[in-house]
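Given next are the chains, with one letter for each unit.
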Amino acid sequence: MSSTEMIRLEPREIALLRGGPRAAVTVAVVALHLRGAVEAGRPGTMRVSEAGDADAGQPPPSLPPPEGLEKAVLESLHEPAGLRKLAKRPDVRLAVALMRVGLAEAGLLRYPLLGPTRAARRHVRDLRERHPLPASRRGMTEHDKLLAVALHGEAALRALVPRFALRAGLTGRAEVADKGLLRHSPRGGTGGAAYSCGGGDGGSD
């Protein structure tokens with residue numbers, strides 16, 4: 001296709017163009033969490049939720065079964081893992097590779113290194129301008145939330161699913177340093193001031 005305006009991209013595909021495989025896996029994890037299929041495990045890890053375990057890792061019956069990257073992530077999380085380890089598991093890597101093939105065929109990733117094309121970068125930039133970081137999750141659909149995470153990364157995770165993101169290791173931790181100051185752990189992705197685990201609208205995630 002000659003124009004990205006003709007391509008309807010899924011949030012996980014937008015995340016892959018913006019931030020690479022780990023960003024795409026993050027969107028898949030959040031999608032499964034919003035559907036009740038994935039929860040935080042030990043600090044810095046994720047796992048299939050107890051409800052998901054009881055039903056062979058599937059989301060509630062009212063929701064469609066996961067496909068593609070989400071399916072690979074869900075199946076891989078029967079063995080709990082942090083984001084880095086999860087992104088390296090064979091089934092997840094294969095699902096990401098298949099996504100890359102489709103995006104390359106659409107002219108959004110260039111061969112042979114599969115980095116985003118100029119048109120893809122422009123498309124993601126335009127989407128960020130049209131969909132700024134939400135101040136609150138109130139009234140947002142699941143797709144809206146996933147799109148925000150795809151476009152804005154950790155900032156959206158902190159705004160929309162703060163407790164889960166912190167416990168699962170998707171966002172950096174704030175640690176107490178000497179002299180009562182706050183600092184971020186080396187894992188922190190975006191830096192900045194300390195933040196609260198509470199959501200912008202006071203709800204849980």
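Engineer: Give a description of the overall build of the protein chain that names residues and reports values.
Structural biologist: In terms of helices and strands, the protein chain carries ten helices and six strands. Burial statistics for the protein chain: of 205 residues in total, 44% are counted as buried. Across the protein chain, contacts joining residues at least 24 apart in sequence account for 57% of those joining residues at least 6 apart.

Engineer: Give a detailed account of the pattern of salt bridges, specifying residues and quantitative values.
Structural biologist: When the charged atoms of two side chains lie near each other, side chains of opposite charge can form a pair. For the structure shown, the criterion picks out five salt bridges. Between E39 and R47 there is a salt bridge; the shortest N-O distance is 2.9 Å. Between R158 and E154 there is a salt bridge; the shortest N-O distance is 3.1 Å. With R158 and E154 both in helix α9 (residues 154-160) and four residues apart, the pair spans about one turn of that helix. This pair shows no difference in class: R158 is buried, exactly as E154 is.

Engineer: Run through the nonpolar core, naming residues and quoting values.
Structural biologist: If you look at the biggest cluster of nonpolar residues, it comprises 57 residues, and the most contacted ones within it are V25, V29, M46, L69, V73, L86 and L170. The contact partners of V25, leaving out residues within four places of it in the chain, are L69, V73, L83, L86, A87, V92 and V96.

Engineer: Now, about helix α2 (residues 21-34): what can you tell me, with residues and values included?
Structural biologist: A rise of 1.5 Å per residue sets the reference length of α2, with its 14 residues, at 20 Å; its end C-alpha atoms lie 20 Å apart and thus fit the reference within 8%. The buried count for α2 comes to eleven of 14 residues, which makes it a mostly enclosed element. Turning to α2, its buried residues number three or more, namely A23, A24, V25, T26, V27, A28, V29, V30, A31, L32 and H33. Looking one or two places after α2, you find G36, whose phi comes out positive at around 80 degrees.

Engineer: Give me the lowdown on the environment of P90, citing residues and values where you can.
Structural biologist: Its place among the elements puts P90 in helix α6 (residues 90-105). A C-alpha to C-alpha distance of 8.9 Å links P90 and S76, two positions 14 residues apart in sequence.

Engineer: Kindly report on the side chain of T117, identifying the contributing residues and their values.
Structural biologist: Secondary-structure assignment places T117 in the loop between β4 (115-116) and α7 (118-130). According to the relative accessible area criterion, T117 is buried, its value standing at 16%. Setting aside its immediate chain neighbours within four residues, T117 contacts G107, L108, L109 and R110.

Engineer: Talk me through the confidence of the model for the protein chain; I want residue IDs and the actual numbers.
Structural biologist: In this model, the protein chain carries an average pLDDT of 81, and 74% of its residues clear a pLDDT of 70 or more. Note that pLDDT drops below 50 for residues 52-58; the model gives that stretch eleven contacts with residues more than four away or on any other chain. Within the model, pLDDT remains below 50 along residues 174-203, and this stretch shows 54 contacts once partners closer than five positions in the same chain are excluded.

Reading the values: rules and limits
Residues numbered from 1 in each chain as written. Predicted model: local features only at pLDDT ≥ 70, side-chain atom pairs only at ≥ 80, totals over all residues. Heavy atoms only, no water. Helix = DSSP H or I, 4+ residues; strand = E, 2+ residues; numbered from the N terminus. Buried < 20%, exposed > 50% of the residue type's maximum accessible area, 1.4 Å probe, protein only. Contact = heavy atoms within 4.5 Å. Salt bridge = Lys/Arg side-chain N within 4 Å of Asp/Glu carboxyl O. Core = buried A, V, L, I, M, F, W, Y, C linked by side-chain atoms within 4.5 Å. Expected span 1.5 Å × (residues − 1). pLDDT = per-residue confidence, 0-100.

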